[in-house]
Amino acid sequence: MIGAGKIKQYTNVLDKPLNKGRHEVSLGAFAYLFSELVQYNQTQVDNIGELERRLEDAGYAVGTRVLELLCNREKGNRRETRLLGILSFIHSTVWKVLFGKVADSLEKGTEHEDEYMISEKELLVNRFISIPKDMGSFNCGAFVAGVVRGVLDNSGFPAVVTAHFVPVEGQQRPRTTILIKFAEEVLRREARLG
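This one's a predicted model, so the numbers in the text were calculated from it and none came from an experiment. (Residues numbered from 1 in each chain as written. Predicted model: local features only at pLDDT ≥ 70, side-chain atom pairs only at ≥ 80, totals over all residues. Heavy atoms only, no water.)

Engineer: With reference to specific residues and values, describe the layout of surface pockets.
Structural biologist: In this structure, the second largest pocket spans a volume of roughly 290 Å³. Forming the boundary of the second largest pocket are 13 residues, of which Asn126, Phe165, Gln172, Arg173 and Pro174 lie nearest the centre. A class-by-class count of the residues in the lining of the second largest pocket yields five nonpolar, five polar and three charged. (1 Å grid on protein atoms, 1.4 Å probe; cavity = no way out; pocket = protein on both sides within 12 Å on 5 of 7 lines; lining within 4 Å. Points joined across faces, edges and corners; volume = space filled by probe spheres on them. Nonpolar A, V, L, I, M, F, W, Y, C, P; charged D, E, K, R; others polar.)

Spelled out as structure tokens, the structure:
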């Protein structure tokens, strides 16, 4: 009999395989929802710093959930224990799941031993947002910085993560750099592990 076989029943959503087709959200739907998130938070705050903090907090929750999902599905519940391992995981795997591609670059800071940077020429969350003149330096990349901080904190790598615009010669739009400054305890642990 054709098709007469056992149908595997999944009791938990986390047990379902990842590779059943492409699970993508429409870019238009994402842009609309993210725009609504920014507009809602904008009505709740008095200044740009507070708005960026609220976006970062929303991103932190996303980062926590993405880490749990990816560790369960792709890594067999194992987490990275080394600094370069977790940075590579964020730069490639997390970025690919969230944005459909690997981040443009991952660099170590030249001035400080505890700083790393993930750069993106055109970060998705900044692509469809027009910033009014009165909001000057507002960067929606704070949401992505929150995602990165959520992944790092929940992996045991506490860090201060911020988003910055970096002007690029010959281009109208600046690139976004996610600056990661690790806590001293992370560097001590990394030195101890050798």
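Now that the structure is up, let's keep going.
Engineer: Before we move on, could you go through the packing of aromatic side chains and cite the residues and values that matter?
Structural biologist: Under the definition given, this model contains four aromatic pairs. Where Tyr116 meets Phe182, the ring centres are 5.9 Å apart and the plane angle is 75 degrees; that geometry is what we call edge-to-face. Note that Tyr116 is positioned in strand β2 (residues 115–120) and Phe182 in strand β4 (residues 175–182), a separation of 66 residues in sequence. Both residues of the pair, Tyr116 and Phe182, belong to the buried class. (Phe/Tyr/Trp six-rings, centres within 6.5 Å; stacked < 30°, edge-to-face > 60°. Helix = DSSP H or I, 4+ residues; strand = E, 2+ residues; numbered from the N terminus. Buried < 20%, exposed > 50% of the residue type's maximum accessible area, 1.4 Å probe, protein only.)

Engineer: I'd like a rundown of the packing of helix α1 (residues 27–44) against helix α2 (residues 48–74), residues and numbers included.
Structural biologist: Packing of α1 against α2 brings their axes to within 9 Å, and their N-to-C directions diverge by 135 degrees. Looking at the two axes, α1 sits oblique to α2. The hand of the α1/α2 crossing is right-handed. Contact residues: Leu37, Val38, Tyr40, Asn41, Gln42 and Gln44 in α1; Glu50, Leu51, Arg54, Leu55 and Ala58 in α2. Split into classes, the residues belonging to the contact of α1 with α2 amount to six nonpolar, three polar and two charged. (Axes fitted to C-alpha atoms, helices over the stretch in contact; angles between N-to-C directions. Parallel < 35°, antiparallel > 145°, perpendicular 65-115°, else oblique. Left-handed = near helix turned anticlockwise from the far one by under 90°. Contact = heavy atoms within 4.5 Å.)

Engineer: An account of the environment of Val125 is requested, with residue identities and associated values reported.
Structural biologist: Turning to its location among the elements, Val125 is positioned in helix α4 (residues 124–127). Here Val125 is in contact with Phe30, Phe34, Cys140, Gly141, Phe143 and Val144, once residues within four sequence places are set aside.

Engineer: Report on the pairing of β2, specifying residues and quantitative values.
Structural biologist: Of all the six residues making up β2, five are buried; the element is thus mostly covered by neighbouring parts of the structure. Where strand β1 (residues 105–108) meets β2, four bridges bridge the pair, whose relative direction is antiparallel. Bridge assignment links Ser105 to a residue of β2, and that residue is Ser119. Between β1 and β2, which pair antiparallel one after the other, the connecting turn spans six residues. Pairing of β2 with β4 involves six bridges; the strand directions are antiparallel. Looking at the pairing, Ser119 lines up with Thr177 of β4. (Pairing = 2+ DSSP bridges.)

Engineer: Kindly report on the nonpolar core, identifying the contributing residues and their values.
Structural biologist: Trp95, Leu152, Ile178, Ile180 and Phe182 are the most contacted members of the largest nonpolar core, which has 42 residues in total. Only α1, α2, α3 (83–99), β2, α5 (141–154), β3 (159–166), β4 and α6 (184–193) provide two or more residues apiece to this core. A per-element tally of this core places α5 first, with eight residues. Excluding its chain neighbours within four sequence positions, the residues that come into contact with Ile178 are Trp95, Tyr116, Met117, Ile118, Gly141, Val144, Ala145, Val148, Val161, Thr162 and Ala163. (Core = buried A, V, L, I, M, F, W, Y, C linked by side-chain atoms within 4.5 Å.)

Engineer: Explain the sheet that holds β4 to me, and be specific about the residues and the numbers.
Structural biologist: As summarised here, the arrangement of the four strands in space is β1-β2-β4-β3, forming an open sheet in which the pairing is antiparallel. In the strand order of this sheet, the two ends are held by β1 and β3, each with one partner. Strand-to-strand twist of the sheet, defined as the mean angle between neighbouring strand axes without regard to direction, takes the value 20 degrees. Running over the sheet, α3 touches β1, β2 and β4 and is turned about 15 degrees from β2. Contacts from α5 reach β3 and β4, with the element oriented near 155 degrees to β3.

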